[in-house]
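Coordinates in review
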Amino acid sequence: MHLAAAIDCPGEPPATTPTELARLAERGALDFVTLGGNGPPDAVEALAPVARATDRIGLLAVASAGTRPGTAVDVAALDQASRGRAGWAVVAPAGAMTVAGGADRTGGGRVRFTRAADRGEGGGGRTWAAGSAEAEIAAAVRIWESLREAGASPPDCRPVLALDASAPTARRTAAGFADLAFVQAVTPEEAHRARDDLRTLAARAGRDADRLLVFADLAVDLGSGELGQEPGTAPVPVADGAAGPLFCGGPVDLADLVAQWHGSGAVDGFRIRPVEPTRDLERFVNGTVALLQHRGLFRTFHPGATLREHLGLHRPPRGPVAPVPTAGLIPGPTGPHPSSEAYGRLGS
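I will try to describe carefully the structure that is included in this document. (Residues numbered from 1 in each chain as written. Predicted model: local features only at pLDDT ≥ 70, side-chain atom pairs only at ≥ 80, totals over all residues. Heavy atoms only, no water.)

1. Some words on the packing of aromatic side chains
The relative placement of two aromatic rings is captured by the distance of their centres and the angle of their planes. Per the stated rule, a full pass over the model turns up four aromatic pairs. Ring centres 6.2 Å apart and planes at 85° place the aromatic pair phenylalanine 182 and phenylalanine 215 in the edge-to-face group. Pair noted here: phenylalanine 182 is in strand β8 (residues 180-183) and phenylalanine 215 is in strand β9 (residues 213-221), with a separation of 33 residues, a long-range link. For the pair formed by phenylalanine 182 and phenylalanine 215, the shared burial category is buried. Taken together, Phe32, Phe182 and Phe215 form an aromatic cluster joined through their ring pairs. The ring of phenylalanine 182 is capped by arginine 271, whose NZ or CZ atom sits 4.5 Å from the centre of that ring. (Phe/Tyr/Trp six-rings, centres within 6.5 Å; stacked < 30°, edge-to-face > 60°. Helix = DSSP H or I, 4+ residues; strand = E, 2+ residues; numbered from the N terminus. Buried < 20%, exposed > 50% of the residue type's maximum accessible area, 1.4 Å probe, protein only. Lys NZ or Arg CZ within 6 Å of the ring centre and 35° of its normal.)

2. Quick notes on the environment of aspartate 210
Looking at the secondary structure, you find aspartate 210 in the loop between α6 (188-204) and β9. Classification of aspartate 210 by relative accessible area gives partly exposed; the value is 37%. Residues aspartate 210 and leucine 313, 103 residues apart in the sequence, show an inter-C-alpha distance of 9.1 Å.

3. Digging into the pattern of salt bridges
Should their charged atoms come close, side chains of opposite charge can pair. Here the structure, examined in full by the defined rule, presents 12 salt bridges. The residue aspartate 256 makes a salt bridge to arginine 295 at a minimum N-O spacing of 2.8 Å. Placement of aspartate 256 in helix α7 (residues 251-263) and of arginine 295 in the loop between α8 (277-294) and α9 (307-311) is noted, with a sequence separation of 39 residues between them. One network of salt bridges, with partners in common, ties together Asp221, Glu276, Arg279 and Asp280. (Salt bridge = Lys/Arg side-chain N within 4 Å of Asp/Glu carboxyl O.)

4. Focus on the nonpolar core
One finds Leu3, Leu30, Trp88, Leu161, Leu254, Leu281 and Phe284 to be the most contacted residues of the largest nonpolar core, which totals 71 residues. Of all hydrophobic cores here, the second largest spans 15 residues; its members include Val160, Ala162, Phe182 and Leu307. (Core = buried A, V, L, I, M, F, W, Y, C linked by side-chain atoms within 4.5 Å.)

5. Some words on α8
Its 18 residues give α8 an end-to-end C-alpha distance of 24 Å, which sits within 8% of 26 Å, the value for a rise of 1.5 Å per residue. The sharpest bend along α8 measures roughly 35° and falls at phenylalanine 284. Here α8 has its buried residues at Pro277, Asp280, Leu281, Phe284, Val285, Thr288, Val289 and Leu292. Residues of α8 that are buried make contact with β1 (2-6), α1 (18-27), β9, α7 and β11 (269-274). Just beyond α8, the residue with positive phi is glycine 296, at close to 75°. (Expected span 1.5 Å × (residues − 1). Bend = angle between axes of the 7 residues up to and from the residue. Contact = heavy atoms within 4.5 Å.)

6. Quick notes on the packing of helix α5 (residues 168-177) against α6
Interhelical geometry of α5 versus α6 gives an angle of 50° and a closest axis separation of 8 Å. Here α5 lies oblique to α6, going by the angle between them. The two elements α5 and α6 cross, and the hand of that crossing is right-handed. On α6, the residues touching Arg171, Arg172, Ala174 and Ala175 of α5 are Ala194, Asp197, Leu198, Leu201 and Ala202. Tallied by class, the residues present in the contact of α5 with α6 amount to six nonpolar, no polar and three charged. (Axes fitted to C-alpha atoms, helices over the stretch in contact; angles between N-to-C directions. Parallel < 35°, antiparallel > 145°, perpendicular 65-115°, else oblique. Left-handed = near helix turned anticlockwise from the far one by under 90°. Nonpolar A, V, L, I, M, F, W, Y, C, P; charged D, E, K, R; others polar.)

7. Considering the environment of valine 160
Structurally, valine 160 is set in strand β7 (residues 160-164). Each C-alpha atom of the pair valine 160 and valine 141 lies 9.8 Å from the other, and the pair is 19 residues apart in sequence. What valine 160 contacts, discounting residues up to four positions off in sequence, is Ala86, Gly87, Trp88, Asp179, Leu180, Leu307, Arg308 and Leu311.

8. Some details on α5
Along α5, seven of the 10 residues are buried, which leaves the element largely enclosed by surrounding structure. Residues of α5 that are buried: Ala170, Arg171, Thr173, Ala174, Ala175, Gly176 and Phe177.

9. A look at unusual backbone geometry
Glycine aside, negative phi is the norm for most residues, and most peptide bonds take the trans geometry. Here the phi dihedral of alanine 29 falls at roughly 65°; this positive angle occurs in a residue that is not glycine. In this model, arginine 83 sits at a positive phi of 60°, which is unusual for a non-glycine residue. Note that arginine 83 resides in the loop between α3 (71-81) and β4 (86-91). Taking the relative accessible area as the measure of exposure, arginine 83 reaches 57% and is therefore exposed.

10. Regarding the pairing of strand β2 (residues 32-36)
Most of β2 is tucked away, with five of its five residues classed as buried. One ladder, built from three bridges, connects β1 with β2; its direction is parallel. Paired with alanine 5 across the bridge in β2 is valine 33. The pairing of β2 with strand β3 (residues 58-64) spans five bridges and is parallel. From the neighbouring strand, glycine 36 faces β3, where its bridge partner is valine 62. (Pairing = 2+ DSSP bridges.)

Right, dumping it as structure tokens:
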């Protein structure tokens, strides 16, 4: 099981800092934290002090594709400074997604995001602009590989790449390039379908499907009391419009949900986004995570020093794997397309 948390602090008191939240997450042995996506400051810059103040936890900068040149190089520098703990959680550019019709919702009240040029296209999350994100992601992987080959980054690994794959239109890109895919789902069955879809697409792209981890992306509000296990009171996420699925309950309730979804094979892990970061992350780490550790479902320490080691992506792919196909993609910079050996450590 893999667990992660967002450490953005919008509206929090000045005393609350991402560094303090990251230290709390590190004490709980979470795989990684994510920061960014809510405006300035720059996510990579904001993670620099977090890297200096932590030793083990992974650090993913949430940044849009196509809005800031040099992000891939900056992430590589952060990865080197943190000794292999950094990555880029790529989100669609702001202009690449829109809420259809302002009040167009699918069943259950979920807002349906569609491309501006194709409002009839469904999906439960963000969609990519016409090829621009794919091109930048391909370019980022090439940059990381060239830095590795030039000896400017660790010789046996590269930064972790994560994408939001909630929308079916984003899954082909995630399957071809990402190490992690975030999906927003209200039920384990919905998450399972997304995971199966991603694994099938990864295999078609010539990748080892086990090297693409799928995380449920869940906003959590742990300010409520425990709901318990009385009939009809089992905790479930609810659709919350553009914010995605929202879980309201107590730490024990959330532990039960995490255990159920992971045990059924619906997801490989969870990334939680606390509604009130100081309160909810503390309750998640000291309540939910501690209970999962007590049940033997989650580790009590980090298994290695790098993010890839935490995620189990440091091992070579199983058997020969073909290069990721480029048919249908908008071409990025010239040069060979990254082969699947880029996904994880290259040695035995």
